[in-house]
Amino acid sequence: MHDEFLCHVTAYGVCDGRRIGVPLGTYRAPTLALALWWLRDRASWIAERLDPQPDTPHLPRGALTPVADDAPDVPRVLRTWCADDVQQELVADELAAGRLVRVATSDDTTEYELMAESVDALRMQRASPPLVVPVA
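Residues numbered from 1 in each chain as written. Predicted model: local features only at pLDDT ≥ 70, side-chain atom pairs only at ≥ 80, totals over all residues. Heavy atoms only, no water.

## Some words on the overall build of the protein
A count of helical and extended segments in the protein gives 4 helices and 4 strands. The order of helices and strands in the protein, counted from the N terminus, is β-β-α-α-α-β-β-α. Taking the contacts inside the protein whose residues are at least 6 apart along the sequence as the reference set, 60% of them involve residues at least 24 apart. Carbon and sulfur atoms provide 56% of the accessible area of the protein, an area that totals close to 9200 Å². (Helix = DSSP H or I, 4+ residues; strand = E, 2+ residues; numbered from the N terminus. Contact = heavy atoms within 4.5 Å. Areas by Shrake-Rupley, 256 points an atom, 1.4 Å probe, with all protein chains shown as cover.)

Rendered as structure tokens:
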């Protein structure tokens, strides 16, 4: 069992023709449960900022407008992922096995990425010698 996990949340967009990543948070989770909690918390945080509830007190009346029915719905995707017990179990199993987990969704301008990986797995990758294949 892997005991410690490094979690990242990043937003990617295009600026001046180049793909740019903007870090939205990093957390070194001491347990698998806290890694999963943090990923769900950050997904909910993004969803709330992209799609706040209309009765939010700090928003002026008329500040929110509906989008087209066929527009990508990042907040819905993130909220659905957070509430999906099967997906959460899958993420937990992958992390416990030492594999990198990446959850990503995008709209017309931005890709949102949540990633987590075992610190132990990272250490083992660094400790193992690189594979060198001679080319004839």
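## Examining the pattern of salt bridges
Tallied over the entire structure, the rule returns 9 salt bridges. The closest approach of N and O atoms between Asp41 and Arg42, which form a salt bridge, is 3.0 Å. Assessed through its relative accessible area of 29%, Asp41 is described here as partly exposed. With its nearest N and O atoms 2.7 Å apart, the salt bridge here joins Glu94 to Arg99. The class of Glu94 is partly exposed, set by a relative accessible area of 25%. Looking at Arg99, the relative accessible area reads 43%, which means it is partly exposed. (Salt bridge = Lys/Arg side-chain N within 4 Å of Asp/Glu carboxyl O. Buried < 20%, exposed > 50% of the residue type's maximum accessible area, 1.4 Å probe, protein only.)

## Description of the pairing of strand β2 (residues 18–29)
Pairing of strand β1 (residues 5–15) with β2, which is carried by 11 bridges, proceeds in the antiparallel orientation. Its bridge partner being in β2, Val9 is matched across the sheet by Gly25. What sits between β1 and β2 in their antiparallel hairpin is a turn of 2 residues, with Asp16 showing a positive phi close to 55°. (Pairing = 2+ DSSP bridges.)

## Considerations on the side chain of Gln88
Looking at the secondary structure, you find Gln88 in helix α3 (residues 85–96). The buried category is assigned to Gln88, whose relative accessible area is 8%. A polar atom in the side chain of Gln88 sits 2.9 Å from the backbone oxygen of Trp81. Setting aside residues no more than four positions away along its own chain, Gln88 makes contact with Leu36, Arg40, Trp81 and Cys82. (Polar contact = N/O pair within 3.5 Å; in protein donor to acceptor, adjacent residues only side chain to side chain.)

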